[in-house]
Amino acid sequence: MIRRSLLGAVAAFAMSASAALAADDKPAIVFDIGGKFDKSFNESMFNGSEKFKAESGVAYGEFEIANEAQREQAIRNFADQGYSPIIAAGFAQAAAVEKVAKEYPDLKFAIVDMVVDLPNVQSIVFNEHEGSYLVGMMAGMASKTGTVSFVGGMDIPLIRKFACGYAQGVKAAKPDAKIIQNMTGDTGAAWNDPVKGGEITKGQMSQGSDVVYAAAGATGLGVLKAAKPTAELFQNMTGTTPAAWRDPVKGGEITKGQMAQGADVVYAAAGATGLGVLQAAADGGALS
């Protein structure tokens, strides 16, 4: 549950330390494509936001974008209304955060999974490959066929880091293992395509994969549904896998693997006064 707890911590870090909020401060979060109930990255951020609200009693603004053009519009709209800090979920919002943050130097912003080098922006990043290495070791030890697989969302360096760490972990546990890797696509739509995710997973399992690891946003829902009947183990990178899917399946098991600690991070970011770059610990330890 490493990365998911951190994502919750991020949402919570971006919103915690509520005592540090000025009386007139009001946080807001802009969820990326896939929405706050994607059972993945965005939902971890949502959970952290809800944790912040429950513990601080401070309401927060929120917006779920439906297309790329809405990123800047949403961030700018919150800035116009005086929200601070404004938290952007995901690397794809970097350009919008940078542009709007420059225009509103007195407001605070935060972004997860990307660095925006401005004095009023808190950047929150992870060592994705480290957590994925541990997941890979677990996959290597769990596999009975000697073949495991990885399903990525958008083909970008960030997701390649997940895939690389996973592959290295698998090889550490089972040097002769076969590793199948597939990306869903090269546009933002790759984060929200469960049908294609399912098709990729079925293809991987037809090649003998009995352990599937997904780092694909809402696309992972399709991966999960395809893997559930036969895969020995399903590992989800940033998901909130439904309880019914965590039970043993035909002798196998569905786990949460390396979960993004987005909830805790957003929780903290909502009320944080510190800016700069925050490196979330890959082992689930303290934020630094």
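As the structure is a prediction and not an experimental result, all values here were calculated from the model.

**Notes on the nonpolar core**
A general trend in soluble globular proteins is that nonpolar side chains are found buried together.
Move 1: Counting residues in each nonpolar core, the largest one holds 22 residues, and the members touching the most others are I75, I86, V97, F109, I111, V116 and V121.
Move 2: Looking at this core, the elements with two or more residues in it are strand 1 (28–31), helix 3 (70–80), strand 3 (86–88), helix 4 (94–103) and strand 4 (109–112).
Move 3: The element that contributes the greatest number of residues to this core is helix 4, accounting for five residues.
Move 4: In this structure V116 touches A94, V97, E98, I111, V121 and S123, once residues within four positions along its chain are discounted.
Move 5: The next biggest cluster of nonpolar side chains, apart from the first, holds 20 residues, and it includes F150, L158, A190 and V211.

**What to know about helix 5 (residues 128–142)**
Move 1: The first and last C-alpha atoms of helix 5 sit 21 Å apart over 15 residues, in line with the 21 Å expected at 1.5 Å per residue.
Move 2: If you check which residues of helix 5 are buried, you get E128, G131, S132, V135, G136, A139 and G140.

**What to know about the packing of aromatic side chains**
Move 1: Summed over all chains, the structure comprises seven aromatic pairs.
Move 2: When the ring of F91 is compared with that of W191, the centres are 6.2 Å apart and the planes differ by 70 degrees; the resulting orientation is edge-to-face. You can see F91 sitting in the loop between strand 3 and helix 4 and its partner W191 sitting in the loop between strand 7 (178–185) and helix 7 (194–206), a full 100 residues away along the chain. Exposure class is identical for F91 and W191. Each is buried.
Move 3: Across from the ring centre of Y83, 4.5 Å away, lies the NZ or CZ of K26, which sits over that ring.

**A word on the side chain of S149**
Move 1: Looking at the element boundaries, S149 is found in strand 6 (residues 147–154).
Move 2: Its relative accessible area of 0% is what places S149 among the buried residues.
Move 3: Aside from chain neighbours lying at most four places away, what touches S149 is Y166, I180, Q204, S209, V211, V212 and Y213.

**Some details on the pairing of strand 1**
Move 1: Judged by which residues are buried, strand 1 turns out to be covered on both faces: A28 and V30 on one side and I29 and F31 on the other are all buried.
Move 2: Both strand 1 and strand 2 (residues 61–64) contribute to a ladder of four bridges, which runs parallel. Following the sheet pairing, V30 is matched in strand 2 by F63.
Move 3: In terms of handedness, the path from strand 1 via helix 2 (residues 41–56) over to strand 2 forms a crossover that is right-handed.

**Details of the environment of D113**
Move 1: Mapped onto the elements of the fold, D113 is located in the loop between strand 4 and strand 5 (121–126).
Move 2: A relative accessible area of 9% means that D113 is categorised as buried.
Move 3: When the C-alpha atoms of D113 and A92 are compared, they prove to be 8.8 Å apart, with 21 residues separating the residues in sequence.

**Describing the pairing of strand 8 (residues 211–215)**
Move 1: Here strand 8 lies mainly inside the structure; five of its five residues are buried.
Move 2: The two faces of strand 8 match: V211, Y213 and A215 on one face and V212 and A214 on the other face are all buried.
Move 3: Relative to strand 8, strand 6 runs parallel, the two being bridged by four bridges. Bridge assignment links V151 to a residue of strand 8, and that residue is A214.

**Here we look at the packing of helix 7 against helix 8 (residues 219–227)**
Two quantities define a packed helix pair, namely the angle between the helix axes and the distance between the axes.
Move 1: At a minimum axis distance of 6 Å, the contact between helix 7 and helix 8 shows a crossing angle of 40 degrees. Put simply, helix 7 runs oblique to helix 8. Read as a crossing pair, helix 7 and helix 8 show a hand that is right-handed. Where helix 7 approaches helix 8, its residues P194, G197, G198, T201, K202 and M205 are matched on the opposing element by T219, G222, V223, A226 and A227.
Move 2: Class assignment for the residues of the contact of helix 7 with helix 8 results in five nonpolar, five polar and one charged.

**Describing the pattern of salt bridges**
Move 1: The full count for this structure, using the stated rule, is eight salt bridges.
Move 2: With a shortest N-O distance of 2.4 Å, R76 and E103 are connected by a salt bridge. Of this pair, R76 sits in helix 3 while E103 sits in helix 4, and the two are 27 residues apart along the sequence.
Move 3: The exposure class of E103 is partly exposed, given its relative accessible area of 41%.
Move 4: R160 is the salt-bridge partner of D155, the closest N and O atoms lying 2.9 Å from each other.
Move 5: Ionic contacts of the salt-bridge type, sharing partners, join the residues E72, R76, K99 and E103 into one network.

Calculation criteria
- Throughout, a residue's number is its position along its own chain's written sequence, starting from 1.
- Under the rules for a predicted model, residues below a pLDDT of 70 receive no local features and side-chain atom pairs below 80 are neither given nor counted, while totals for whole chains, interfaces and linings still include all residues.
- Only heavy atoms go into the side-chain values, all of them from the structure, while hydrogens and water stay out.
- We call a set of buried Ala, Val, Leu, Ile, Met, Phe, Trp, Tyr and Cys residues a nonpolar core when their side-chain atoms join them within 4.5 Å.
- Here's how the labels work: a residue is buried when its accessible area is under 20% of the maximum for its type, exposed when over 50%, partly exposed in between, all with a 1.4 Å probe on protein chains only.
- Numbering of helices and strands runs from the N terminus; a helix is a DSSP stretch of H or I covering at least four residues, while a strand is a stretch of E covering at least two.
- Pairs of residues are marked as contacts when any of their non-hydrogen atoms sit within 4.5 Å.
- Take the residue count of a helix, subtract one, and multiply by 1.5 Å to get its expected span.
- Each Phe, Tyr or Trp ring (for Trp, its six-membered ring) is paired with any other whose centre lies within 6.5 Å, and the angle between the two planes then decides the class: stacked below 30 degrees, edge-to-face above 60, tilted in between.
- To sit over a ring, a charge needs its Lys NZ or Arg CZ within 6 Å of the ring centre and within 35 degrees of the ring normal.
- When DSSP finds at least two bridges between two strands, those strands are taken to pair.
- Crossover handedness is defined here as right-handed if the route from the first strand over the helix to the second strand goes clockwise, with the strands pointing away from the viewer.
- Lines fitted to C-alpha atoms define the axes here, with helix axes fitted over just the stretch in contact, and angles between the N-to-C directions of these axes take values from 0 to 180 degrees.
- Any angle between 65 and 115 degrees counts as roughly perpendicular, while under 35 counts as roughly parallel, over 145 as roughly antiparallel, and the rest as oblique.
- Take the far helix as your reference; a near helix turned counterclockwise from it by less than a right angle gives a left-handed crossing, and one turned clockwise gives a right-handed crossing.
- Any residue that is not Ala, Val, Leu, Ile, Met, Phe, Trp, Tyr, Cys, Pro, Asp, Glu, Lys or Arg is counted as polar, Gly included; the first ten are nonpolar and the last four charged.
- Whenever a carboxyl oxygen of Asp or Glu lies within 4 Å of a side-chain nitrogen of Lys or Arg, that contact is scored as a salt bridge.

Read these as layout, nothing more, since geometry by itself doesn't imply function.
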